[in-house]
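What follows is the residue order along each chain.
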Amino acid sequence: MLRRPQILFAILTCAVLVTASAAQQEAVDRLRMVDEIDAMLASAGNSGVARLSPRVRAAMIEVPRHEFVPPQYRSSAYGNTPLPIGHGQTISQPLVVGLMTELLQLTKTDRVLEVGTGSGYQAAILSVLASEVYTIEIVPELGEMARANLEHLGYSNVLTKIGDGYQGWPEHSPFDAIIVTAAPNHVPPPLITQLRSGGRMVIPVGSFDQELMVLEKRADGTTTTTIIVPVRFVPLIRE
């Protein structure tokens, strides 16, 4: 017969094994997710990205997407699909997150602005790849949730703000890169102003028919845009 201390030890051991098993499965799921992204990029052939770079691939394998979705959707966290996060907003599908991140062409010294924090998943990916991340969310409840998620998981180089992302974050500009995760019907002029010369902005633009674009800023302040692929994002909300 097991004594009480032995029973408690057995229960604790079982709990540790279950936790370890869950963590191992999540790691396997993330690797599978990234492999699927690479396969879809290769088969599509029209995005300008044939596969994820080693740095972006490693970041997406590292960041636990399931921590950024509501509990009722965690079983679907590593499927290639957007998921609801409340308040009419979604966490983008992994393929889109990977593609947009790749198009930014980030280096470890870059300072990045994100418009549309959502639950914080994209910001977490950016934090692994860049030096500083500034992210703005207009929905207060989502902004607070994202801040809590990022702090809990230790992404200390991310600064969050609740406000109108259309206006950017001028006091921290210029930014080496800007990513917009909701669709305006035009490229916001304040964001162009806050992008440094030589910088890149990745943004979906359009109302019903939307296109993912890469905007690059020349030294003289003029810009060039490249259309990547058709996309479907929630509209950019403004104050």
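Higher on the page you've got the structure.
In this text the structure is predicted, and so the values were computed from the model without any measurement.

Caption draft 1: Spotlight on the overall build of the protein chain. A tally of regular secondary structure across the protein chain gives six helices and nine strands. In summary, the protein chain has a C-alpha radius of gyration of 19 Å against a globular reference of 18 Å for 239 residues, a match within 12%. A buried classification covers 46% of the 239 residues belonging to the protein chain. Restricting to contacts in the protein chain with at least 6 residues of sequence separation, those with at least 24 account for 53%. Summed over all atoms, the accessible surface of the protein chain reaches about 11,700 Å², with 58% contributed by carbon and sulfur.

Caption draft 2: Geometry of the layout of surface pockets. In this model, the largest pocket occupies a volume close to 670 Å³. Ser92, Gln93, Val96, Thr181 and Phe233 are the residues nearest the centre of the largest pocket, which is lined by 43 residues in total. Residue assignment for the lining of the largest pocket shows that the elements contributing at least two residues are α1 (4-44), β2 (89-91), α3 (94-104), β3 (111-115), α4 (121-129), β4 (132-137) and β9 (223-231). A total of four residues in the lining of the largest pocket trace back to one element, the largest contributor, which is α3.

Caption draft 3: Just the packing of helix α2 (residues 54-62) against α4, in detail. It is at 9 Å that the axes of α2 and α4 come closest, and there the two elements cross at 130°. What the angle tells us is that α2 and α4 run oblique. In the packing of α2 onto α4, the handedness of the crossing is right-handed. On α4, the residues that touch Arg55, Val56, Ala59, Met60 and Glu62 of α2 are Tyr121, Ile125, Val128 and Leu129. Within the contact of α2 with α4, the residues separate by chemical class into seven nonpolar, no polar and two charged.

Caption draft 4: Highlighting the environment of Met60. With respect to the helices, strands and loops of the structure, Met60 is situated in helix α2. Residue Met60 is classed as buried on the basis of its relative accessible area, which comes to 0%.

Caption draft 5: Local environment of unusual backbone geometry. The omega torsion across Ser173 and Pro174 is 5°, close enough to zero to call that bond cis. Mapping Pro174 onto the fold places it in the loop between β5 (158-162) and β6 (175-180). One non-glycine residue, His87, adopts positive backbone phi at about 60°. Tracing the chain through its elements places His87 in the loop between β1 (83-86) and β2.

Caption draft 6: Region of the structure containing the environment of Ala130. Summarising the element assignment, Ala130 is placed in the loop between α4 and β4. Ala130 sits in the buried class, given a relative accessible area of 3%. Sequence spacing of Ala130 and Thr109 is 21 residues, and the spatial spacing of their C-alpha atoms is 5.9 Å. Not counting chain neighbours up to four residues away, the residues in contact with Ala130 comprise Leu106, Thr107, Lys108, Asp110, Val112 and Asn157.

Caption draft 7: Inspection of the pairing of β5 at higher detail. Inspection of the sheet shows β4 paired to β5 by five bridges, in the parallel sense. Its bridge partner lying in β5, Val133 is registered against Val158. Chirality of the crossover, the property in question, places the unit of β4, helix α5 (residues 140-153) and β5 among those that are right-handed.

Cut-offs applied
- Residues numbered from 1 in each chain as written.
- Predicted model: local features only at pLDDT ≥ 70, side-chain atom pairs only at ≥ 80, totals over all residues.
- Heavy atoms only, no water.
- Helix = DSSP H or I, 4+ residues; strand = E, 2+ residues; numbered from the N terminus.
- Rg over C-alpha atoms; globule rule 2.2 N^0.38 Å.
- Buried < 20%, exposed > 50% of the residue type's maximum accessible area, 1.4 Å probe, protein only.
- Contact = heavy atoms within 4.5 Å.
- Areas by Shrake-Rupley, 256 points an atom, 1.4 Å probe, with all protein chains shown as cover.
- 1 Å grid on protein atoms, 1.4 Å probe; cavity = no way out; pocket = protein on both sides within 12 Å on 5 of 7 lines; lining within 4 Å.
- Points joined across faces, edges and corners; volume = space filled by probe spheres on them.
- Axes fitted to C-alpha atoms, helices over the stretch in contact; angles between N-to-C directions.
- Parallel < 35°, antiparallel > 145°, perpendicular 65-115°, else oblique.
- Left-handed = near helix turned anticlockwise from the far one by under 90°.
- Nonpolar A, V, L, I, M, F, W, Y, C, P; charged D, E, K, R; others polar.
- Pairing = 2+ DSSP bridges.
- Right-handed = clockwise from strand over helix to strand, strands pointing away.

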